[in-house]
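# Structural overview for review
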Amino acid sequence: MAGSSPEIVRKPRADAVRNRERVLEAAKAVFSAGGSEASLEAVARHAGVGIGTLYRHFPTREALYEAVYRREVEQLGDLAEQLQCAPEPVEALRRWLRANVEFVATKKGMVAALALVAHGSTELHAYSFDRLTKAIGTLLARAVAAGAIRDDISAEDVLRALIGMCYMHDQPGWQTTALRLLDVFVDGLRVQPADNMTESRKTKPAPKKASSKPSR
């Protein structure tokens, strides 16, 4: 009896991959402008594909939201990997945090739309939290290893602080405030000269006390 042949997994056709990317780019632009009320027909028109093509890739509005959300999280993760080569580790961390604030500022409509699916999916929320904390963790660990950042702060702490800074993103002028707070926060993480002196005193052996006995 001949054994059954394993199922062949076919790679997506190149044009299908291109169409999917075009839809995701279009969805980012349309959601940024129109928020959660933007229609899928508008996304298809912006991408230059038929509505049937859009539905083949993303059968529901929620599926499209989730794909866009995952893509944005991945891009932030990729940025963190690129910044690992930056010469100044503290500035690399600052640049990554600023990129998050700028994302929220320029994509307010999309943030509102993506929040609908992100908060409704425990798995997606866990995925994004894990991916972003890992991104922060790589930059934070490098700065700590360089002796530039205090070592009693975690990636989760930094992410929660960042979320708090962006909380009022629907208020006028919030971005200027958020970036100012971000600078205060990052500068507060720096190891100060006084801290280095304290550590030096801890590790430096205490001087020997002079003997009180008279010499003969």
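## With respect to the overall build of the protein
Across its full length, the protein carries 10 helices and zero strands. Each helix and strand of the protein, placed in order from N terminus to C terminus, yields the pattern α-α-α-α-α-α-α-α-α-α. When the 216 residues of the protein are sorted by exposure, 36% land in the buried category. In the form shown here, the protein has an accessible surface area of approximately 13700 Å², with 55% of it arising from carbon and sulfur atoms.

## Here we look at the pattern of salt bridges
What the rule picks out here adds up to 16 salt bridges. The salt bridge involving Glu74 is made with Arg131; its shortest N-O contact spans 3.2 Å. Here the residue Glu74 occupies a position in helix α4 (residues 61-83), and Arg131 occupies one in helix α7 (residues 122-145), the gap between them amounting to 57 residues. Relative accessible area serves as the criterion here: at 28%, Glu74 is assigned to the partly exposed category. Through salt bridges that share partners, Glu91, Arg94, Arg98, Asp183, Asp187 and Arg190 make up one connected network.

## Remarks on the confidence of the model for the protein
Should pLDDT be low for a region, the predicted coordinates there are not to be read in detail. Summary statistics for the protein give a mean pLDDT of 82 and a share of 75% for residues scoring 70 or more. Below a pLDDT of 50 lies the segment residues 4-9, which in the model reaches zero contacts outside its immediate sequence neighbourhood of four places, other chains included. Between residues 197-201, whose pLDDT stays under 50, and residues either more than four places distant or in other chains, the model counts zero contacts.

## With respect to the packing of aromatic side chains
In total, this model carries one aromatic pair according to the counting rule given. A ring pair is formed by Phe31 and Tyr65, whose centres lie 4.7 Å apart and whose planes are at 70°; its orientation type is edge-to-face. Of this pair, Phe31 sits in helix α1 (residues 14-34) while Tyr65 sits in helix α4, and the two are 34 residues apart along the sequence. On the basis of relative accessible area, Tyr65 is assigned to the buried category, the value being 3%. The ring of Tyr127 carries the charged tip of Arg70 above its face, separated from the ring centre by 4.5 Å.

## Quick word on the nonpolar core
Counting 37 residues, the largest nonpolar core has Trp96, Leu97, Val101, Ile136, Leu139, Leu162 and Trp174 as the members making the most contacts within it. Where this core is concerned, the elements lending two or more residues are α4, α5 (89-106), α7, α8 (155-165) and α9 (174-189). The element best represented in this core is α5, accounting for nine residues. Within the second largest apolar cluster, 19 residues are counted, among which are Leu40, Val49, Leu54 and Tyr65.

## As for the environment of Leu93
With respect to the element layout, Leu93 can be found in helix α5. Residue Leu93 is classed as buried on the basis of its relative accessible area, which comes to 0%. In the structure, Leu93 is positioned 50 residues away from Ala143 in sequence and 8.0 Å away in space, judged by C-alpha atoms. Ignoring anything within four residues of it in the chain, the contact list for Leu93 reads Ile136, Leu139 and Leu140.

## Looking at the environment of Lys107
Inspection of the secondary structure puts Lys107 in the loop between α5 and α6 (108-120). The residues touching Lys107, leaving out its near neighbours within four places in the chain, are Lys28 and Ser32.

## Observations concerning α8
Along α8, the positions that sit buried rather than exposed are Ala155, Val158, Leu159, Leu162 and Met165. Along the long axis of α8, the arc covered by the buried residues comes to 120°, so they all point the same way. Considering only its buried residues, α8 is in contact with α5, α7 and α9.

Conventions and cut-offs
- Every chain is numbered independently, its residues counted from 1 as its sequence is written.
- Local features in this predicted model are restricted to residues whose pLDDT is 70 or higher, and side-chain atom pairs enter the listing and the counts only when it is 80 or higher, whereas totals over whole chains, interfaces and linings include all residues.
- Think of the side-chain values as coming from all heavy atoms in the structure, minus any hydrogens and water.
- Numbering of helices and strands runs from the N terminus; a helix is a DSSP stretch of H or I covering at least four residues, while a strand is a stretch of E covering at least two.
- Using a 1.4 Å probe on the protein chains alone, a residue whose accessible area is under 20% of its type maximum counts as buried, one over 50% counts as exposed, and one in between counts as partly exposed.
- Only the protein chains shown count as cover for residues, and the accessible areas themselves come from Shrake-Rupley with a 1.4 Å probe.
- By definition, a salt bridge exists where a carboxyl oxygen of Asp or Glu is found within 4 Å of a side-chain nitrogen of Lys or Arg.
- Note on scores: pLDDT gives the predictor's confidence for each residue, bounded by 0 and 100.
- Pairs of residues are marked as contacts when any of their non-hydrogen atoms sit within 4.5 Å.
- A pair of aromatic rings is counted whenever rings of Phe, Tyr or Trp (Trp by its six-membered ring) have centres within 6.5 Å, and the orientation is called stacked for planes under 30 degrees apart, edge-to-face for over 60 and tilted otherwise.
- Two limits define a charge over a ring: the Lys NZ or Arg CZ must be within 6 Å of the ring centre, and within 35 degrees of the ring normal.
- Only buried Ala, Val, Leu, Ile, Met, Phe, Trp, Tyr and Cys residues count toward a nonpolar core, and they belong to the same one when joined by side-chain atoms within 4.5 Å.
- In this context, the arc is that of the directions from the helix axis out to the C-beta atoms.

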